[in-house]
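What the coordinates show
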Amino acid sequence: FAETPFAYGNLLLLERALGWGAERLRVLALWDGRPGDGAGGTADMVATALEHTGEIRVIDPAELG
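Figured I'd write up the structure that's included with this text.

Reading guide: rules and limits
- Residues numbered from 1 in each chain as written.
- Predicted model: local features only at pLDDT ≥ 70, side-chain atom pairs only at ≥ 80, totals over all residues.
- Heavy atoms only, no water.
- Helix = DSSP H or I, 4+ residues; strand = E, 2+ residues; numbered from the N terminus.
- Buried < 20%, exposed > 50% of the residue type's maximum accessible area, 1.4 Å probe, protein only.
- Contact = heavy atoms within 4.5 Å.
- Areas by Shrake-Rupley, 256 points an atom, 1.4 Å probe, with all protein chains shown as cover.
- Lys, Arg positive; Asp, Glu negative; His and termini not counted.
- Charge placed at Lys NZ, Arg CZ, Asp CG, Glu CD.
- Patch = residues over 30% accessible without salt bridge, like charges linked within 9 Å, V, L, I, M, F, W, Y side chains within 5 Å.
- Salt bridge = Lys/Arg side-chain N within 4 Å of Asp/Glu carboxyl O.
- Polar contact = N/O pair within 3.5 Å; in protein donor to acceptor, adjacent residues only side chain to side chain.
- Expected span 1.5 Å × (residues − 1).
- Arc of directions from axis to C-beta.

1. As for the overall build of the chain
Per the secondary structure count, the chain includes two helices and two strands. Each principal axis of the C-alpha distribution contributes one length, and for the chain these read about 35 × 25 × 15 Å. Scored against the burial criterion, the 65 residues of the chain give a buried share of 26%. For the chain, the share of sequence-separated contacts (at least 6 apart) that also reach a separation of at least 24 residues comes to 67%. Accessible area of the chain: about 5000 Å², with a carbon and sulfur share of 56%. Treating the 5 positive side-chain charges of the chain as one cloud and the 10 negative ones as another, the clouds have centres 10 Å apart.

2. Some words on a nonpolar patch on the surface
On the surface, Leu28, Leu30, Ile59 and Leu64 cluster together into a nonpolar patch covering about 430 Å² of accessible area. Here isoleucine 59 lies in strand E2 (residues 56-59).

3. A short note on the environment of aspartate 60
Within the secondary structure layout, aspartate 60 lies in the segment after E2. You can call aspartate 60 partly exposed: its relative accessible area is 23%. Taking C-alpha positions, aspartate 60 is 21 Å from leucine 14, a pair spaced 46 residues apart along the chain. Contact partners of aspartate 60, with chain neighbours within four places excluded, come to Trp31 and Asp32. There is a polar contact of 2.9 Å between the side chain of aspartate 60 and the backbone nitrogen of alanine 62.

4. Side note on helix H1 (residues 5-18)
Given a rise of 1.5 Å per residue, 14 residues ought to cover 20 Å, and the 20 Å separating the end C-alpha atoms of H1 matches this to within 8%. For H1, every residue scored as buried is listed here: Ala7, Asn10 and Leu14. Along the long axis of H1, the arc covered by the buried residues comes to 60°, so they all point the same way. More than 90 degrees from the buried face of H1, the exposed residues found are Pro5, Leu13, Glu15 and Arg16.

See below:
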């Protein structure tokens with residue numbers, strides 16, 4: 001059970017992707033690296049994905065100019 005609808009959506013997406021196999025999972029996040037304001041945000045999704053794979057690439061929006 002997820003804390004928020006956003007966290008629930010993140011879990012659904014992650015579970016769907018894991019259906020193809022954890023070894024094939026790649027996570028790409030547009031994230032400024034700051035802690036979020038709760039369940040379902042980017043920080044939460046990155047932390048949840050890290051539990052399942054070490055393959056996470058973060059794009060910092062500040063670097064996009």
